[in-house]
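Understanding the architecture of this molecule
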Number of protein chains: 4
Amino acid sequence: MSDGTNAQDEIAELRARSAPTRRATVPAMEERLYTPHKVLDHGFVRVIDYMGDDAAIVQAARVSYGAGTKHVSNDAGLINYLMRHWHSTPFEMCEIKLHVKLPVFVARQWIRHRTANVNEYSARYSILDREFYIPAPEQLAAQSTVNNQGRGAVLEGEEAARVLEMLKGDATRSYDHYEAMLSQEGQQGLARELARMNLPANIYTQWYWKIDLHNLFHFLRLRADKHAQYEIRVYAETICEIAKDWVPLAYAAFEDYRLNSVQFSGKAVEVLRRMLAGETVTQETSGMSKGEWREFEGVIHNGS
Amino acid sequence: MSDGTNAQDEIAELRARSAPTRRATVPAMEERLYTPHKVLDHGFVRVIDYMGDDAAIVQAARVSYGAGTKHVSNDAGLINYLMRHWHSTPFEMCEIKLHVKLPVFVARQWIRHRTANVNEYSARYSILDREFYIPAPEQLAAQSTVNNQGRGAVLEGEEAARVLEMLKGDATRSYDHYEAMLSQEGQQGLARELARMNLPANIYTQWYWKIDLHNLFHFLRLRADKHAQYEIRVYAETICEIAKDWVPLAYAAFEDYRLNSVQFSGKAVEVLRRMLAGETVTQETSGMSKGEWREFEGVIHNGS
Amino acid sequence: MSDGTNAQDEIAELRARSAPTRRATVPAMEERLYTPHKVLDHGFVRVIDYMGDDAAIVQAARVSYGAGTKHVSNDAGLINYLMRHWHSTPFEMCEIKLHVKLPVFVARQWIRHRTANVNEYSARYSILDREFYIPAPEQLAAQSTVNNQGRGAVLEGEEAARVLEMLKGDATRSYDHYEAMLSQEGQQGLARELARMNLPANIYTQWYWKIDLHNLFHFLRLRADKHAQYEIRVYAETICEIAKDWVPLAYAAFEDYRLNSVQFSGKAVEVLRRMLAGETVTQETSGMSKGEWREFEGVIHNGS
Amino acid sequence: MSDGTNAQDEIAELRARSAPTRRATVPAMEERLYTPHKVLDHGFVRVIDYMGDDAAIVQAARVSYGAGTKHVSNDAGLINYLMRHWHSTPFEMCEIKLHVKLPVFVARQWIRHRTANVNEYSARYSILDREFYIPAPEQLAAQSTVNNQGRGAVLEGEEAARVLEMLKGDATRSYDHYEAMLSQEGQQGLARELARMNLPANIYTQWYWKIDLHNLFHFLRLRADKHAQYEIRVYAETICEIAKDWVPLAYAAFEDYRLNSVQFSGKAVEVLRRMLAGETVTQETSGMSKGEWREFEGVIHNGS
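Residues numbered from 1 in each chain as written. Chains lettered and ligands numbered in written order. Predicted model: local features only at pLDDT ≥ 70, side-chain atom pairs only at ≥ 80, totals over all residues. Heavy atoms only, no water.

As annotated in an unreviewed UniProt entry, chain A carries the name Flavin-dependent thymidylate synthase and is attributed to Halovulum dunhuangense. We quote the UniProt Function (unreviewed entry) comment for chain A here in full: "Catalyzes the reductive methylation of 2'-deoxyuridine-5'-monophosphate (dUMP) to 2'-deoxythymidine-5'-monophosphate (dTMP) while utilizing 5,10-methylenetetrahydrofolate (mTHF) as the methyl donor, and NADPH and FADH(2) as the reductant." (UniProt positions renumbered as here; feature names shortened; annotations may be inferred.)

Structure (structure tokens):
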């Protein structure tokens, strides 16, 4: 499972091969192919394969909409139009396959996105490596006092040291015992499918993950969001960089119409119209709840 | 929408382009790319793109099963093993994108397979071409007298002539009226989204259809089956030929463990054991219903 | 397939039965059960079964978020919060099963929503009834001159009469020929799976359609939208009425945060902030394309 | 999260309520509703809701196949026919919602079935309870020497004692440290979303899980299989008992045509025909690989 010398050789070999193809090809993705992009302390994302490009989106849209698309003068304009009007099927015509190494607690969030194909390393068949995610000091954050699922200030001094000691100590001991239970020296050796239950959620696993562009954008919108947990967000951000190279026009549209977009409720739109007409609106006169109003103000005052 | 002169030029242009790639590449598929393979009287299947090959299936399986797969000595053996034991995820790592032109009544069956990406030509936006499926004389079959969803003998003589006349006449008249309703000469012209309702189910539509290999095999098992309606089966058979070129090892395993396989119920397995032990079993002593017994006998006596 | 006398008896029988249950029960839905709600000229929607209610959404959310939901003081507040923050899984915990009778061209749009369970009447097995959708005079609209997929003014006078005559005449003739081809009097009779190809897209079909509330809302957002084709929108509007009875809190949240909501792109949000700060912004200084700007103005000036 | 006194009260309250309904109702399921069925040392399965029954499957099939189903004389016969011929959509018309408490390593296998709705307890929002799966002595099995993903003999004596000591000790220590890191007494307290990474895979989680009957059967076929890991198999077996009560006819068909069925490859069917014709076939003359032959012999000689 490790990405040591053998893996280096395999990557070099894969990157060395080249064949002519008539398929849509993206030079910037060819450059990225097979090379692991580091994430967290031991994780990575690497592109194994891709299908389609910006032109493939346009090509599929023109099949669907035929003459209806002729008035959109160029590819960027058409892609923006499709994104703005929630035409998802042309984006489904692109596909990407990634090899990802990630802590188990991140994998558990990630797998909730059901519209992807996954081949995960099986700890029932094979033995996991001794690799654990230990947060960098600047990521060792306190529980947020305002948000049940958020982080507050960074821990400092002795508390930070205690936490790191516990995380490292428990990981080490759990893995030592995992090996001790599996060992067949002088004993039978516990079944792998049982021994794995002793391993903590910060151990690394890996998988092949294949997804179409529409569903990838949905994943990125949720996981590259600033409210996503840091440990999955860094993976999403790495994949954003990859997508930017792969389908630059679609990514730009995604950024404007999804990542940076804001959804206003019917009530909020009404308030907005009153404000633009010069009226002063307060939470009391807005018809919104306090929570909604706080979020609304965050958006229009550039905070959020 | 037609595949006339412009389409020929576009195909030639697409086929002429070539770029080096580090991705998995299958020469036999490169040869097929963009060329329409004729199906029925006006339909076709053409490969627009593909991702992965037999080696990609093996590569994904080895990520999942790690050391657990080392004992399977070669790729063919591993792929057979995966297919036999219903390990579907490695097959999901391959993907194919097809451009298909097909009659609407075939499209209606086809779309029931939900795990695919589809971009269909929209008759709301654009105008359909005057192209209808008219069965060849040897496909003009009578209703089966034993199977509610099957065909019996081929129609002959006057009856066949009457049927063809009705199909052709109604198609022509419907399309004439479709054009007449749409026309803006001397009148407003009916909305496209309404005019299309006059068109019969044998008019041709087209779509881009993208699916992973596992789900493609599921589609092919149902639609290349001899009980499938002829008009969809010929599409499935064409795609079988393509798949054979694309992933020869996986296709051979699919043929043996799916297409040509037989599912025996628990009761049937019991009867088989008794028969192999020399017992003579009849429907009455089998515990099976008459319908089951008939199907069982069909299989073991090479009929089916 | 028809909903004549037998169907009436069956409905009366189903409605007469009653049994005690410990499951979540919604009196207003019990009232609706099995009764067909008319749509278009021969279509209907009727509720066959439902699972869950507003409380089931809350119950599921509290499993997920545990103590994290305690601060939201009541069910309506929690449901609004979930909807606002795109927490979709609690809404997936409710399910509805509908029996729908609809024209084939509407069914073809509808089936594109893949996350539902469907049992459609099979014209391969059985014979379709002589029932066609013929638009009411006020729905006989011209092609829009500004929108490729829209309708313009209503057709009048002779043109309207001509269109109705063509639609009715072609439907009648196609069905007469359908029957003539199927007939086994004095001839073999064409297979049903072939004869159906002569039927136009305004013939009625029917299906059982089962979907969870999250995906139902997605369907309704697209199909109850004013840009949806009238013939599917009336089905969506009927289902909106049903959903309002079924899960009144969730429906209210859906209405505010989805149906009546507006998505502003990152660029549009920037412009809004400038406007609210008193700046006069024009299309030229907005950074938006003409199309975007037109849509943006439509929203903020109450047009949309 | 615990199911202590409050949970008992809640269950009693839920079970006490009753309302009349016109929906399909199954008395044996009413009896089961809300009561937890124990699985493993701290786990459970309880039915929260259900939709449909055997009659609902028949009802949906009759919509699809219309007159085509009239010749199947009764419900059991029709359901058997549907199951035998892979007609999956009528089974999708039934739905069940379960509340399941299960160890995380079991949850990780379970979630791979993507066609279900899930609301899992979130350790990002809330604090997990101190409850760990510790295998019973008779489940403490050695690694299989023939099967990479299987178990061999039960561990004995000192080895068993050592394993239990390690599992219990590590669980206790990990949880103590989890609490210590979270504690806000005299320190800030680590964020929940981080602290959870220290917890081992045998800690219990819980979720609401909702699935249609077709996909439930698929899950049960894989997880109630004797090759499935014991710790998930006991959940599947409990659900089998529930399904038997819920849809007795469909369950019987599932048992015969899926659970107890055997898939024979094209090659195996050929060999079978030769054997039934009196020929003696060996692996060498069968055309099968050694692995296939071993599995084939296992089936026909009642071993498997």
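**Some remarks on the domain arrangement of chain A**
All names here are of chain A. Each assigned domain of chain A is listed with its residue range as follows: domain 1 (5-132 + 203-259), domain 2 (134-201) and domain 3 (266-300). Taking only C-alpha atoms, the centre of domain 1 and the centre of domain 2 are 30 Å apart. Together, the buried faces of domain 1 and domain 2 total about 1600 Å²; carbon and sulfur atoms form 51% of this surface. At the junction of domain 1 and domain 2, the tally comes to 4 salt bridges. (Domains from an automatic or database assignment. Buried area = accessible area lost by both parts, 1.4 Å probe. Salt bridge = Lys/Arg side-chain N within 4 Å of Asp/Glu carboxyl O.)

**A word on the relation of the copies chain C and chain B**
Here chain C sits on chain B after a turn of 180° about the axis and a move of 0.0 Å along it, with an RMSD of 0.0 Å. Given the turn and translation reported, the copies of this chain are related as if by a two-fold rotation axis. Nearest to the rotation axis, the C-alpha of C:Pro200 is located 1.9 Å from it, this being the minimum over chain C. A shared binding surface is used by both copies, with 100% of the interface residues of chain C retained as interface residues in chain B. (Least-squares fit on C-alpha atoms with pLDDT ≥ 70 in both. Contact = heavy atoms within 4.5 Å.)

**With respect to the relation of the copies chain D and chain A**
Its rotation angle being 180°, the transformation that places chain D on chain A also includes 0.0 Å of axial translation and leaves an RMSD of 0.0 Å. When the interface residues of chain D are mapped onto chain A, 100% of them again fall at the interface, so both copies present the same face.

**Focus on the sheet that holds strand 5 (residues 117-120) of chain C**
Two orientations exist for strands paired in a sheet by backbone hydrogen bonds: parallel and antiparallel. Residues and elements named next belong to chain C. Spatially, 2-3-4-8-5 is the arrangement adopted by the 5 strands of the open sheet, whose pairing is antiparallel. A single partner strand is all that each edge strand has here, and the edge strands are strand 2 (37-39) and strand 5. Between one strand axis and the next, the sheet turns through 25° on average, direction left out of account. Packing against the sheet, helix 8 (residues 213-223) makes contact with strand 4 (95-103) and strand 8 (204-212), and its axis sits at approximately 130° to strand 8. Together, strand 2, strand 3 (43-51), strand 4 and strand 8 form the strand contacts of helix 9 (residues 230-246), whose direction differs from that of strand 3 by roughly 30°. (Pairing = 2+ DSSP bridges. Helix = DSSP H or I, 4+ residues; strand = E, 2+ residues; numbered from the N terminus. Axes fitted to C-alpha atoms, helices over the stretch in contact; angles between N-to-C directions.)

**With respect to the pattern of salt bridges**
The full count for this structure, using the stated rule, is 84 salt bridges over all chains. The salt bridge partner of A:Glu279 is A:Arg274, with a shortest N-O separation of 2.9 Å. In this structure, the salt-bridge partner of B:Glu241 is B:Lys244, at a minimum N-O distance of 3.3 Å. Taken together, the residues span about one helical turn, with B:Glu241 and B:Lys244 both in helix 9 (residues 230-246) at a distance of 3 residues.

**Focus on the UniProt feature "binding site: dUMP" (unreviewed entry) in chain A**
Residue and element names in this part refer to chain A. UniProt records the feature "binding site: dUMP" (unreviewed entry) for Gln109, Trp110, Ile111, Arg112, Glu120, Tyr121, Ser122, Ala123, Arg124, Arg196 and Arg223 in the present numbering. With the annotated positions falling across 115 residues, the maximum pairwise C-alpha distance of 28.8 Å shows that they are not confined to a single cluster. Mapped onto the elements, Arg112 comes out in the loop between helix 5 (104-110) and strand 5 (117-120). Note on placement: Tyr121 falls in the loop between strand 5 and strand 6 (141-143). A relative accessible area of 10% means that Tyr121 is categorised as buried. For Tyr121, the side chain forms a polar contact with the main-chain oxygen of Ile127, separated by 2.7 Å. (Buried < 20%, exposed > 50% of the residue type's maximum accessible area, 1.4 Å probe, protein only. Polar contact = N/O pair within 3.5 Å; in protein donor to acceptor, adjacent residues only side chain to side chain.)

**Regarding the interface of chain D and chain A**
Facing the 60 residues of chain D at the interface are 60 residues of chain A. Of the roughly 5500 Å² buried between chain D and chain A, counting both surfaces, carbon and sulfur atoms make up 48%. Our count for the contact surface shared by chain D and chain A stands at 4 salt bridges. The closest approach of N and O atoms between D:Arg151 and A:Glu193, which form a salt bridge, is 2.5 Å. The interface formed by chain D and chain A holds 36 residue pairs in polar contact (both at pLDDT 80 or more) in total. Those elements that provide at least two residues to the side of chain D that touches chain A are helix 5 (104-110), strand 5 (117-120), strand 6 (141-143), strand 7 (151-154), helix 6 (157-182) and helix 7 (192-195) of chain D. Top element by residues in the side of chain D that touches chain A is helix 6 of chain D. It accounts for 11 residues. Of the residues in the side of chain D that touches chain A, the class split is 28 nonpolar, 17 polar and 15 charged. (Nonpolar A, V, L, I, M, F, W, Y, C, P; charged D, E, K, R; others polar.)

**Re the sheet that holds strand 5 of chain D**
Residue and element names in this part refer to chain D. In spatial order, the strands read 2-3-4-8-5; together these 5 strands make up an open sheet with antiparallel pairing. A single partner strand is all that each edge strand has here, and the edge strands are strand 2 (37-39) and strand 5. The mean inter-strand angle of the sheet, taken between neighbouring strand axes irrespective of direction, is 25°. Pairing geometry for strand 3 (residues 43-51) and strand 4 (residues 95-103), over 7 bridges, is antiparallel. Of the residues in strand 4, the one forming a bridge with Tyr50 is Ile96. Its contacts with the sheet put helix 8 (residues 213-223) on strand 4 and strand 8 (204-212), and the angle it makes with strand 8 is roughly 130°.

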